[in-house]
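Examining the three-dimensional arrangement
Here is what each chain is made of, one letter per residue.
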Amino acid sequence: MTDVFRAESLGKTYPGVRANEDVSFSVAPGEIHALLGENGAGKSTLVKMIYGLVKPDDGHMTLMGSVHAPADPRAARAAGVAMVFQHFSLFDALTVAENIALGMENPPKSRELSQRIAELSQSYGLPLNPARRVASLSAGERQRVEILRCLLQSPRLLIMDEPTSVLTPQEAEILFATLRQLAAGGTAILYISHKLDEIRSHCDRATILRHGRVVNTVDPRAHTARELAAMMVGAEMRVIDRSGRKPGAEVLRVAGLATASDGMALKDVALTLRAGEILGIGGVAGNGQEELLSALSGEIATRPGTITLDGVDLSRTPPEARRKAGLLAAPEDRLGHAAVPEFSLAENTLLTAGSRQGLIRGGLIDHSAAQAFAQAVIAAFDVRTPGPQTAAGALSGGNLQKFVIGREVLGKPRVLVVNQPTWGVDAGAAAQVRQALLDLAAKGAGIIVISQDLDELLELSDRFCALNDGRLSAPRPTEGLSIDEIGLMLGGAHGMEVAHVPA
Ligand SMILES: Nc1ncnc2c1ncn2[C@@H]1O[C@H](COP(=O)(O)OP(=O)(O)OP(=O)(O)O)[C@@H](O)[C@H]1O
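The following refers to the structure shown. What you see is a predicted model, and the numbers here were worked out from it, not measured in a lab.

**Re the sheet that holds strand E1 (residues 5-14)**
Overall, antiparallel pairing links the 4 strands, which are arranged E2-E1-E4-E5 in an open sheet. Two strands bound the open sheet, and with one partner strand each, they are strand E2 (17-27) and strand E5 (66-67). Of the pairings in the sheet, the one linking strand E4 (residues 58-63) to E5 comprises 2 bridges and is antiparallel in character. Residue pairing for E5: Leu63 is matched across the bridge by Ser66. Against the sheet, helix H1 (residues 43-50) contacts E1, E2 and E4, and its axis sits at roughly 120° relative to E1.

**What to know about the site of the ligand**
Not every one of the 20 residues close to the ligand is listed here, only the nearest: Asn39, Ser44, Thr45, Ser396 and Gly398. Going through the elements one at a time, E2, H1 and helix H13 (397-409) are the ones with two or more residues in the shell around the ligand. Looking at the shell around the ligand, its residues break down into 6 nonpolar, 11 polar and 3 charged.

**A few points about the pairing of strand E11 (residues 250-257)**
The pairing of E11 with strand E12 (residues 269-274) spans 5 bridges and is antiparallel. By the bridge assignment, Leu252 is partnered in E12 with Leu273.

**Remarks on helix H14 (residues 427-442)**
Between its first and last C-alpha, H14 extends 22 Å over 16 residues, near the 22 Å set by a 1.5 Å rise per residue. The complete set of buried residues in H14 reads Ala427, Ala429, Ala430, Gln432, Val433, Arg434, Leu437, Leu440 and Ala441. After H14 finishes, the residue Gly444 shows a positive phi value of roughly 110°.

**A few points about helix H4 (residues 110-123)**
Counted at 1.5 Å a residue, the expected span for H4 with its 14 residues is 20 Å, and the 20 Å between its end C-alpha atoms agrees. Listing the buried residues of H4 in full gives Ser114, Ile117 and Ser121. The buried residues of H4 occupy an angular sector of 60° when the element is viewed end-on, so they sit on one face. In H4, the exposed residues that point more than 90 degrees away from the buried face are Arg111, Glu112, Glu119, Gln122 and Ser123. Following H4 by one or two positions, Gly125 adopts a phi angle in the positive range, close to 65°.

**Structural notes on the nonpolar core**
Of all hydrophobic cores here, the largest spans 133 residues; its most connected members are Leu157, Ile159, Ile189 and Val449. In terms of residue count, H14 provides more of this core than any other element does, 7 residues in total. Both domain 1 (5-233) and domain 2 (250-335 + 413-497) contribute no fewer than three residues apiece to this core. Setting aside chain neighbours within four positions, we find Leu157 in contact with Val4, Phe5, Val27, Leu63, Gly80, Val81, Ala188 and Leu190.

**Here's the deal with the sheet that holds strand E9 (residues 205-210)**
What the 6 strands build is an open sheet, ordered E6-E7-E8-E3-E9-E10; its pairing is mixed. The open sheet has two edge strands, strand E6 (81-84) and strand E10 (213-218), and neither has a second partner. Taking each pair of neighbouring strands and ignoring which way they run, the sheet shows an average axis angle of 20°. Bridging between E9 and E10 involves 5 bridges; their strand directions are antiparallel. Its bridge partner being in E10, Ile208 is matched across the sheet by Asn216. Set on the sheet, H1 makes contact with strand E3 (32-36), E6, strand E7 (157-161), strand E8 (188-192) and E9; between it and E7 the angle comes to about 150°. Each of E3, E9 and E10 touches helix H8 (residues 225-233); the most contacted strand, E9, lies at about 35° to it.

**Concerning the environment of Gly411**
By secondary structure assignment, the location of Gly411 is in the loop between H13 and strand E19 (415-419). On a C-alpha basis, the gap between Gly411 and Phe373 in space is 9.5 Å, while along the polypeptide they are 38 residues apart. The residues contacting Gly411, other than those within four sequence positions of it, are Leu328, Thr352, Ala353, Arg356 and Gln357.

**As for the environment of His194**
For His194, the position within the fold is in the loop between E8 and helix H7 (196-202). Sequence separation between His194 and Asn39 is 155 residues, and the spatial gap between their C-alpha atoms is 9.0 Å. The residues touching His194, leaving out its near neighbours within four places in the chain, are Glu162, Gly424, Val425, Asp426 and Ala427.

**Focus: the packing of helix H11 (residues 345-353) against H13**
For the pair H11 and H13, interaxial distance at closest approach is 10 Å and the crossing angle is 45°. Considered as vectors, H11 and H13 are oriented oblique to each other. H11 and H13 meet at a crossing whose hand is right-handed. Counted together, Leu345, Thr349, Thr352 and Ala353 of H11 and Phe403, Arg407 and Glu408 of H13 form the full contact between these two elements. Per-class residue counts for the contact of H11 with H13 are 3 nonpolar, 2 polar and 2 charged.

Procedures and definitions
- Residues numbered from 1 in each chain as written.
- Predicted model: local features only at pLDDT ≥ 70, side-chain atom pairs only at ≥ 80, totals over all residues.
- Pairing = 2+ DSSP bridges.
- Helix = DSSP H or I, 4+ residues; strand = E, 2+ residues; numbered from the N terminus.
- Contact = placed C-beta atoms within 7 Å.
- Axes fitted to C-alpha atoms, helices over the stretch in contact; angles between N-to-C directions.
- Near = placed C-beta within 6 Å.
- Nonpolar A, V, L, I, M, F, W, Y, C, P; charged D, E, K, R; others polar.
- Expected span 1.5 Å × (residues − 1).
- Buried ≥ 20, exposed ≤ 12 C-beta atoms within 10 Å, placed from the backbone.
- Arc of directions from axis to C-beta.
- Core = buried A, V, L, I, M, F, W, Y, C linked by C-beta atoms within 7 Å.
- Domains from an automatic or database assignment.
- Parallel < 35°, antiparallel > 145°, perpendicular 65-115°, else oblique.
- Left-handed = near helix turned anticlockwise from the far one by under 90°.

Following this line, the structure appears as structure tokens:
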């Protein structure tokens, strides 16, 4: 049978970086084909060439046996390629249906489109209300919009760049059922993910990239996750060290915290956090995770007496002063919320570390201090980039995530709140980020980790609680907690059918 897609000796160079070199591989009809590689290995560059966003310098591609050299994404879509991106490209002010219509060449009437969206979302188990404004959607829901947008095109080749990173395990299972359904109909699927277990369970073949080159194409089921990781990095992964931590005095107290935001309102949230402790918060995205982080960071105002750091009421204190007091936060949306893509990494340090690190003094920016701080983050977190002058938007997704987390960790927080700290980060680097959080706690910081990755939460946290419908459950010690008990804490026996999924 003819392959749906073939790449022959593709190459691409960015200034100072050979992102792809002599890349050849193929995807067969009905195949779910994984692209694996550590952060910066060249996966996104490769799929951008297939989608017409980047032109290869060398080599060529074929789609359904014909030459594939798309001038732009529109040409790629017309040829039958669809793509779900790692970063969302949605307009906040528009509804789900309006956003989807914008991406279509000949959108049907809005009523008809809404109906089709509702039907597709129903049949693929991706609940979404076409009339909701995108501004009020969580990251997980935004991703559903992107996925549905692709499904409406009935593509021959569907490319997915880390589609499950914002989904719960249950939601991911449903997505895989969708992908299997599509593959059974002959669609070829090219699948980028850092979740090796997921790839082993669901993908038929895996092509592994290292430093821009194909190092192997394997049957992922025939290898352990550790073996796949070793092929990616060319070395063994390290083991997490949880030792050296002892909880100290209480640093943070949250009581009666309620918000009336556009998204999910928090309802009477209470928690305490001790120095040296890691509190894990699980739950389906869209249940108040972003709001909790925004309330703690000061982006959303809350009633007096609701947030206390070291006995000082910070509830009415603006974000910058909270950072100065030692309450730091790293939001999940790294491009846009956590970093400005057009700014250099050095300039991006100013966003949150400006006054705390003395990078801005008396209203003046100390450029060389910002440069040095950015360099320190790059070195400590192994951020793969030419240097502090590189624009944040030019970093691969995982490398920018490492930078954003590193910027806050090196900010010596008293309390650090992180949302999805290893989203889009490869297995080796994820272990490194988690270790950095454990080391930070060992030095006496209190840490709140909000994540949808239960394994991550179990690995890191001393106590675990769940956020569901804006309410936080009572925390339980993580030690000895079973996955079933966690399922119940998340709002019912399992996942999205039972836990609250915003309409
Ligand atoms: N627009 C750009 N300008 C300059 N360099 C770039 C650009 N896009 C990517 N690069 C560089 O090319 C290399 C490959 O990046 P790419 O995004 O393809 O990696 P990736 O495997 O998708 O990584 P990740 O898993 O972190 O998303 C990296 O070194 C990256 O910094």
